[in-house]
Amino acid sequence: MTEELTWRADAPGAVLLDGFHALKHALRFGAEVGPALTTDKAATLALAGKLAEDLTDTLDDLLVEVPAQTLRELVPRVHPTGVAALAARRDREANLAALAQQPRRAPVVVLDNPRNLGNVGAVIRLAAGMGATGVVTTGDLDPWHPNAVRSGAGLHYATAVERLPLDGLPPGPLFVLDPEGEDIRSVPLPDDALIAFGSERHGISPELRARATRLVALPMRPQVSSYNLATSVAMALFHWGGPAPA
């Protein structure tokens, strides 16, 4: 009961870390976590021993075992790993400073009015893995929604994730993905670029398209209409990263 009361008291404004992998990544990238619950502490620590040995001692101190029914009452859907935690959201001012810093060493991914939280989380996971400076969304969808954090496996803490208006985008040349653009393979993407992708249903907005420094297009076989959003981001970031070091 103590854990439930603490959880409910801490819930306003907190980020739900849904599952072992979200908790693992959040801890690795400096999240302030607590409380953290598990339905089987021994099993969770055994999993940590296989997948996150660097965090075993931290998790041993942090995790509190609760009955499965208690966890079901606290979260919308219990993750198969039986782990859930709350964490403080990354500081917005620090995120904005990282996004605005110049020169940047890596691009910022811009998602223009995305509509699918799972796609947003997948993009954030990609951006974190590729070392992008951050992910900015426009529109009314919250990129820190629990469904996006779940899909992103907690890697919101590994990169700067914020929702901004179009007139508040970070500085830098804006490369907009558009079917009418130049083949991206012939266009170098600078480290300080903003790389913008349209929504899953409607594509890039006219307002953002009008602001583009350059329109670029991914290679695509004729009669194929589109790629998944996360796939498009992966292709563009891989192009930016260039060949592997010799």
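Description of the structure in this document. All figures in this text were calculated on a predicted structure; none of them were measured in a lab.

### Observations regarding the nonpolar core
- One finds Leu-17, Leu-23, Val-33, Leu-59, Leu-111 and Phe-197 to be the most contacted residues of the largest nonpolar core, which totals 51 residues.
- The greatest single-element share of this core, amounting to six residues, is contributed by helix α10 (residues 229-241).
- Counting residues in each nonpolar core, the second largest holds 13 residues, with Val-108, Val-110, Ala-160 and Ala-196 among its members.

### Notes on the sheet that holds strand β7 (residues 160-163)
- Within the open sheet, the six strands sit side by side as β7-β6-β5-β9-β8-β10. Their pairing is parallel. This sheet does not close on itself; its edge strands, each paired only once, are β7 and β10 (214-217). Strand-to-strand, the axes of this sheet are offset by a mean angle of 35°, without reference to chain direction.
- With four bridges connecting them, strand β6 (residues 134-137) and β7 associate as parallel partners. If you follow Gly-134 over to β7, its bridge partner there is Ala-160.

### Looking at the layout of surface pockets
- Considered as a void within the structure, the largest pocket measures approximately 460 Å³ in volume.
- Lining of the largest pocket is provided by 19 residues; of these, Leu-177, Pro-179, Ser-226, Tyr-227 and Ser-232 occupy positions nearest its centre.
- Listed by contribution, the elements that provide at least two residues to the lining of the largest pocket are β8 (174-183), β10 and α10.
- Considered class by class, the residues forming the lining of the largest pocket number 10 nonpolar, seven polar and two charged.

### A word on the packing of aromatic side chains
- With the rule as written, the count across this model stands at one aromatic pair.
- With 5.4 Å between their ring centres and 80° between their planes, Trp-144 and Tyr-157 make a pair best called edge-to-face. Here the residue Trp-144 occupies a position in the loop between β6 and α8 (146-151), and Tyr-157 occupies one in the loop between α8 and β7, the gap between them amounting to 13 residues. For the pair formed by Trp-144 and Tyr-157, the shared burial category is buried.

Thresholds applied
- Residues numbered from 1 in each chain as written.
- Predicted model: local features only at pLDDT ≥ 70, side-chain atom pairs only at ≥ 80, totals over all residues.
- Heavy atoms only, no water.
- Core = buried A, V, L, I, M, F, W, Y, C linked by side-chain atoms within 4.5 Å.
- Buried < 20%, exposed > 50% of the residue type's maximum accessible area, 1.4 Å probe, protein only.
- Helix = DSSP H or I, 4+ residues; strand = E, 2+ residues; numbered from the N terminus.
- Pairing = 2+ DSSP bridges.
- Axes fitted to C-alpha atoms, helices over the stretch in contact; angles between N-to-C directions.
- 1 Å grid on protein atoms, 1.4 Å probe; cavity = no way out; pocket = protein on both sides within 12 Å on 5 of 7 lines; lining within 4 Å.
- Points joined across faces, edges and corners; volume = space filled by probe spheres on them.
- Nonpolar A, V, L, I, M, F, W, Y, C, P; charged D, E, K, R; others polar.
- Phe/Tyr/Trp six-rings, centres within 6.5 Å; stacked < 30°, edge-to-face > 60°.

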